[in-house]
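Chain by chain, the residues run as shown.
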Amino acid sequence: MMKQQLYSEKEILGDALTAEKTATNNYNTFANECVHDNVRQEILHCLEQEHEIQQDVFRMMHDKGYYPTPAAQEQKVQEAKQKFSQCVKKTNSSMM
């Protein structure tokens, strides 16, 4: 008789988070390489849903202390927001 191995909640959630990260990476690649607009839109819809699931799993892990993240200084948050908003603006203006 085989001994049944039980997994901890942390291990199960960790596996779920890894699976969601993999799914979002795959959907993103599929969307980037899709020729047909209607199919691409469906893939993007799936990608959005997978991101929502990933965020739910991440929040659950974070709330339970399984995935601790250090608190960010407000100045660092503002610097990151400014940096990335400029990145998007530069990308959009270079495409025109």
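Just so you know, these numbers come straight off a predicted model, no measurement behind them.

(A) Spatial organisation of the overall build of the chain. Across its full length, the chain carries 3 helices and 0 strands. Counting the 96 residues in the chain, one finds 15% classified as buried. Within the chain, contacts between residues at least 6 apart in sequence are counted, and of these 57% link residues at least 24 apart. About 8300 Å² of surface is accessible on the chain, with carbon and sulfur atoms providing 54% of the total.

(B) The arrangement of the pattern of salt bridges in detail. Across all of its chains, the model carries 1 salt bridge by this definition. Residues E9 and K64 are paired through a salt bridge, measuring 3.5 Å at the closest nitrogen-oxygen approach. Placement of E9 in helix α1 (residues 9-32) and of K64 in the loop between α2 (37-63) and α3 (74-95) is noted, with a sequence separation of 55 residues between them. Classification of K64 as partly exposed rests on a relative accessible area of 41%.

(C) Representation of the packing of aromatic side chains in the model. On inspection of all chains with the given rule, the structure shows 2 aromatic pairs. Ring plane angle 85° and centroid distance 6.2 Å describe the contact between Y27 and F30, whose orientation is recorded as edge-to-face. Pair noted here: Y27 and F30 are both in helix α1, with a separation of 3 residues, about one helical turn. We classify Y27 as partly exposed; its relative accessible area is 25%. For the ring pair F58 and Y67, a centre distance of 4.9 Å and an interplane angle of 70° mean the geometry is edge-to-face.

(D) α1, seen in detail. Between its terminal C-alpha atoms α1 stretches 34 Å, which fits the 34 Å expected from 24 residues at 1.5 Å a residue. Looking only at α1, the buried set comprises L13, L17, E20, A23, T24 and A31.

(E) Structural detail: the nonpolar core. Judged by nonpolar contacts, L13, L17, V57, F58 and M61 together constitute the single largest core of 5 residues. Counting residues per element, this core draws most heavily on α2, at 3 residues. Once residues within four sequence positions are removed from consideration, F58 is found in contact with L17, Y67 and T69.

(F) Fine view of the packing of α1 against α2. Contact geometry of α1 with α2 gives a least axis separation of 9 Å together with a crossing angle of 160°. Taken together, α1 and α2 sit at an angle that is classed as roughly antiparallel. Every pair of crossing elements has a handedness; the one defined by α1 and α2 is left-handed. Across the contact of α1 with α2, the residue classes break down as 16 nonpolar, 5 polar and 4 charged.

Reading guide: rules and limits
Residues numbered from 1 in each chain as written. Predicted model: local features only at pLDDT ≥ 70, side-chain atom pairs only at ≥ 80, totals over all residues. Heavy atoms only, no water. Helix = DSSP H or I, 4+ residues; strand = E, 2+ residues; numbered from the N terminus. Buried < 20%, exposed > 50% of the residue type's maximum accessible area, 1.4 Å probe, protein only. Contact = heavy atoms within 4.5 Å. Areas by Shrake-Rupley, 256 points an atom, 1.4 Å probe, with all protein chains shown as cover. Salt bridge = Lys/Arg side-chain N within 4 Å of Asp/Glu carboxyl O. Phe/Tyr/Trp six-rings, centres within 6.5 Å; stacked < 30°, edge-to-face > 60°. Expected span 1.5 Å × (residues − 1). Core = buried A, V, L, I, M, F, W, Y, C linked by side-chain atoms within 4.5 Å. Axes fitted to C-alpha atoms, helices over the stretch in contact; angles between N-to-C directions. Parallel < 35°, antiparallel > 145°, perpendicular 65-115°, else oblique. Left-handed = near helix turned anticlockwise from the far one by under 90°. Nonpolar A, V, L, I, M, F, W, Y, C, P; charged D, E, K, R; others polar.

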